[in-house]
Amino acid sequence: MKKNKWLKYLGYILLIVVLIYLDGHVGYKQKNYQEQTFNLSLSYFVISMIIKIGIGLLLGLEHISNEMKKEGSWKINLPKILLMVIPSLYFSMSYFFMYLYNDNLIYGILTYPASLFMRNGSDYIIIFQLLFGYLFITSFYKQNKDIKTT
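This text gives an overview of the structure that appears in the document. As the structure is a prediction and not an experimental result, all values here were calculated from the model.

Reading the values: the criteria
- Residues numbered from 1 in each chain as written.
- Predicted model: local features only at pLDDT ≥ 70, side-chain atom pairs only at ≥ 80, totals over all residues.
- Heavy atoms only, no water.
- Patch = residues over 30% accessible without salt bridge, like charges linked within 9 Å, V, L, I, M, F, W, Y side chains within 5 Å.
- Areas by Shrake-Rupley, 256 points an atom, 1.4 Å probe, with all protein chains shown as cover.
- Salt bridge = Lys/Arg side-chain N within 4 Å of Asp/Glu carboxyl O.
- Helix = DSSP H or I, 4+ residues; strand = E, 2+ residues; numbered from the N terminus.
- Buried < 20%, exposed > 50% of the residue type's maximum accessible area, 1.4 Å probe, protein only.
- 1 Å grid on protein atoms, 1.4 Å probe; cavity = no way out; pocket = protein on both sides within 12 Å on 5 of 7 lines; lining within 4 Å.
- Points joined across faces, edges and corners; volume = space filled by probe spheres on them.
- Nonpolar A, V, L, I, M, F, W, Y, C, P; charged D, E, K, R; others polar.

1. What about a nonpolar patch on the surface?
Moving on, step 1. Taken together, the side chains of Leu7, Leu10, Ile13, Leu14 and Val17 make up a nonpolar region of the molecular surface, amounting to roughly 460 Å² of accessible area.
Moving on, step 2. Along the chain, Leu10 falls in helix α1 (residues 2-37).

As structure tokens, then:
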């Protein structure tokens, strides 16, 4: 049994390293594209976002695999979804709000909270993308009919 845990965690870290490498490669491609065309490619942003969310999902994979072994029906932690997952998704998508909307009123409303963070740089987006993946996957659990959780 101990050997399986070692292999499982080795697999997790190898997948995370591969995803980090792929994200760096996508960032390199984005930089080259931007230098050649003087434009930003949203497809690179989407790929990078999916990779970072995937890392967050991998970090929460052990939780979901433990829940799958339990008896009971699947439940969703709604307060966690509403108060943590949705805001993390919003901040994860800050780049898209900036590039997709041209209307000043919509732009101002959608981007105001994110723009408060952007004043100090855009590194926060990476953290929110990782958080989104982790918080999303850990929002699902199994509840036994005999036991009530709060």
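2. A short note on the pattern of salt bridges
Moving on, step 1. Evaluated as defined, the whole model comprises four salt bridges.
Moving on, step 2. For Lys70, the salt bridge goes to Glu67, with nearest N and O atoms at 2.9 Å.
Moving on, step 3. The class of Glu67 is buried, set by a relative accessible area of 7%.

3. A closer look at the layout of surface pockets
Moving on, step 1. The space that makes up the largest pocket amounts to roughly 270 Å³.
Moving on, step 2. Lining the largest pocket are 17 residues, with Phe45, Ser48, Lys52, Tyr95 and Ile126 positioned closest to its centre.
Moving on, step 3. When contributions to the lining of the largest pocket are tallied by element, the ones reaching two or more residues are α1, α2 (42-59), α5 (94-100) and α7 (124-137).
Moving on, step 4. The element best represented in the lining of the largest pocket is α2, accounting for five residues.
Moving on, step 5. Here the residues of the lining of the largest pocket are counted per class, giving eight nonpolar, six polar and three charged.

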